[in-house]
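# Analysis of the macromolecular model
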2 protein chains.
Amino acid sequence: MAGRLDELGEFGLVAAVTAGSPPSPAGPGDDAAVVAVPDGRVVATTDVLVEGRHFRLDWSAPYDVGRKAAAQSLADVAAMGARPVALLVGFGAPGSFVADDAVALARGLADEAAACGASVVGGDVVAAPAVVVSVTALGSLDGRAPVLRSGARVGDVVVVAGALGGAAAGLAALTAGRDDLAAVAAHRVPSPPYADGVALAEAGATSMIDVSDGLSGDLRHVAVASGVGFSIDVSALPVHASVGEAAAALGIDEQEWVLGGGDDHALVATLPAPDPRWPVVGRVVEGDAVEWVGARVAPRAWEHFA
Amino acid sequence: MAGRLDELGEFGLVAAVTAGSPPSPAGPGDDAAVVAVPDGRVVATTDVLVEGRHFRLDWSAPYDVGRKAAAQSLADVAAMGARPVALLVGFGAPGSFVADDAVALARGLADEAAACGASVVGGDVVAAPAVVVSVTALGSLDGRAPVLRSGARVGDVVVVAGALGGAAAGLAALTAGRDDLAAVAAHRVPSPPYADGVALAEAGATSMIDVSDGLSGDLRHVAVASGVGFSIDVSALPVHASVGEAAAALGIDEQEWVLGGGDDHALVATLPAPDPRWPVVGRVVEGDAVEWVGARVAPRAWEHFA
């Protein structure tokens, strides 16, 4: 559909976006959606992405912004050891926003949800001075205990599912005007290892978190919540395949991105014993410090108002 | 806490806001919250409010904005016949936003949730060019069927819980510079009849909706979804107590607000037979038209990009 969002209208956009949605007892046209969570507990999380802060529309296509926004919340559900089942989306944009772009963004949200077995079940569209996407993801534990940040125990091993540093390398590439580098794709659309969330929970994970603020910052959250320290072998960390090329092209030590970069949504978990499915990258130790064995850079975390 | 949001920081605000939250198996410090919905189904809805479009901070205190934002989503849950159990909040504001105001807004959200037995279980705080509040409300059906928009049947009576026109009268008063009029309070903080949602469901409601776009627009949604028409007796509609004063002071026909005004979040339901707890305001008829018996004005609905 050609035209501006204010020509299409709120109800027109909702109709266009939900045209392909699966039938539901309470559909997008109702006040609220009804979502099945068989064991009587729902896992729920909300994230907000703002144009210019979390994405740039001259760097990312609207479809990719939708996928990235969905991935951020869906990864939080996976990090609890839950199976993602549904998304609710709040979308704000100026009336002059291109209607086709809004529909593409919504398709990105729907496709990312479908990639892990979830679907978009509700939303709200409003006029706003900037493009804002808020995504609430719901998940089902299917009878398992949630995997929290507070359960890491001294002696556990630390494992990682997914790869680190790609999103940060891609952002650095775009900042440097190098959109030819492969890492750019990892910034535009992360690939969280959704299925590993449930698998790690079933493997007995004592704690889990997804890497959204950067490994160093996120491990710090687990250390504080669990009252433990960590010893991490930097050389064992799984690095995104695109990072080496970007590091060489931009002359930046890849550890900056691997230790400090967020938005990859890899899963970091603690297990009572090693499991061949995931690389061991360190262990839980006494104390409250995180030791980075082999680090060449000083890890730093991301603060949203810093 | 004095200071700006960018001095307090994201984690500082989250800590301040969640300081009084009840303990939970997965708290605000985890990737996601775990919420009990005993019958294995969760009712979920998202709404977004934007400064300058849905509220003005020179007209409403931050605390009131929080209550209003929560009420909008909680009323959607009630309109499904569900019991509200939890809120997740996305909050965006400029770094220069006063930290105390952010905390007050969050307290308003928490107090409105508490008013219907729910609590704030999660959220996200981001930097944004304008103040944006996205609220996802979750509810439990406790074994009941959801009450949809699509179930109205010819011969049903139409009932209303709560009162109409107050929020629109208050907005008109503020626009006219008359913040001395009582209706202003109804605009700043609506009072949805939360408990009536479950009561109407238990009374056998065949359809239900909350009045957020204006009675005329919202009844139109039910008419389309159910494939029916309505005959509404305008003289029987419950009018908010503040409307008469505002109509006299501003020289506006109160029917403008009662039929077309949104944001009161009264509940409109169809029942197979009258119930003494709620006034009958009309009946479901064949066809697809809404007849307004006794209307002096032409009802109109609210379009967010119009």
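Let us now look at the sheet that holds strand β3 (residues 83-93) of chain B. Spatially, five strands are ordered β1(A)-β2(B)-β5(B)-β3(B)-β4(B) in an open sheet, and the strand pairing comes out mixed. Two strands close off the open sheet at either side, each with one partner strand: β1 (33-36) of chain A together with β4 (119-127) of chain B. Here the average twist between neighbouring strands, direction ignored, is 20 degrees. Note: β3(B) against β4(B), eight bridges, orientation parallel. Paired with B:Gly90 across the strands is B:Asp124, a residue of β4(B). Relative to the sheet, helix α4 (residues 99-115) of chain B contacts β3, β4 and β5 (132-140) of chain B, its axis offset from that of β3(B) by approximately 165 degrees.

The operation relating chain A to chain B is a screw motion whose rotation component is 180 degrees, with 0.0 Å of axial translation and a residual RMSD of 0.0 Å. As the rotation angle and translation indicate, the two copies are arranged about a two-fold axis. Nearest to the rotation axis, the C-alpha of A:Gly40 is located 2.0 Å from it, this being the minimum over chain A. A share of 100% of interface residues in chain A that are also interface residues in chain B marks the association as one of identical surfaces.

This brings us to the packing of aromatic side chains. Counted under the stated rule, the structure contains two aromatic pairs over all chains. B:Arg56 extends its terminal NZ or CZ atom over the ring of B:Trp59, reaching a point 3.8 Å from the ring centre.

Turning our eyes to something else, we now look at the confidence of the model for chain A. Any residue range with low pLDDT should be treated as having predicted coordinates unsuitable for detailed reading. All names here are of chain A. Mean pLDDT for chain A: 91, with 90% of residues reaching 70 or above. In this model, residues 301-306 is a region of pLDDT below 50 whose contacts with residues beyond four sequence positions or in other chains number 28 contacts. Confidence metrics for the complex model read pTM 0.92 and ipTM 0.90.

In this section: the sheet that holds strand β8 (residues 229-233) of chain B. Residues and elements named next belong to chain B. Judged by pairing direction, the sheet is mixed, and its six strands sit side by side in the order β7-β9-β6-β10-β8-β11 without closing on themselves. Since the sheet does not close on itself, it has two edges, and those belong to β7 (207-210) and β11 (290-293), each with one partner. Strand-to-strand twist in this sheet, taken as the mean axis angle between neighbours without regard to direction, amounts to 20 degrees. Sheet topology places strand β6 (residues 157-161) next to strand β10 (residues 280-285); three bridges connect them, and they run antiparallel.

Cut-off values and rules
- Residues numbered from 1 in each chain as written.
- Chains lettered and ligands numbered in written order.
- Predicted model: local features only at pLDDT ≥ 70, side-chain atom pairs only at ≥ 80, totals over all residues.
- Heavy atoms only, no water.
- Pairing = 2+ DSSP bridges.
- Helix = DSSP H or I, 4+ residues; strand = E, 2+ residues; numbered from the N terminus.
- Axes fitted to C-alpha atoms, helices over the stretch in contact; angles between N-to-C directions.
- Contact = heavy atoms within 4.5 Å.
- Least-squares fit on C-alpha atoms with pLDDT ≥ 70 in both.
- Phe/Tyr/Trp six-rings, centres within 6.5 Å; stacked < 30°, edge-to-face > 60°.
- Lys NZ or Arg CZ within 6 Å of the ring centre and 35° of its normal.
- pLDDT = per-residue confidence, 0-100.

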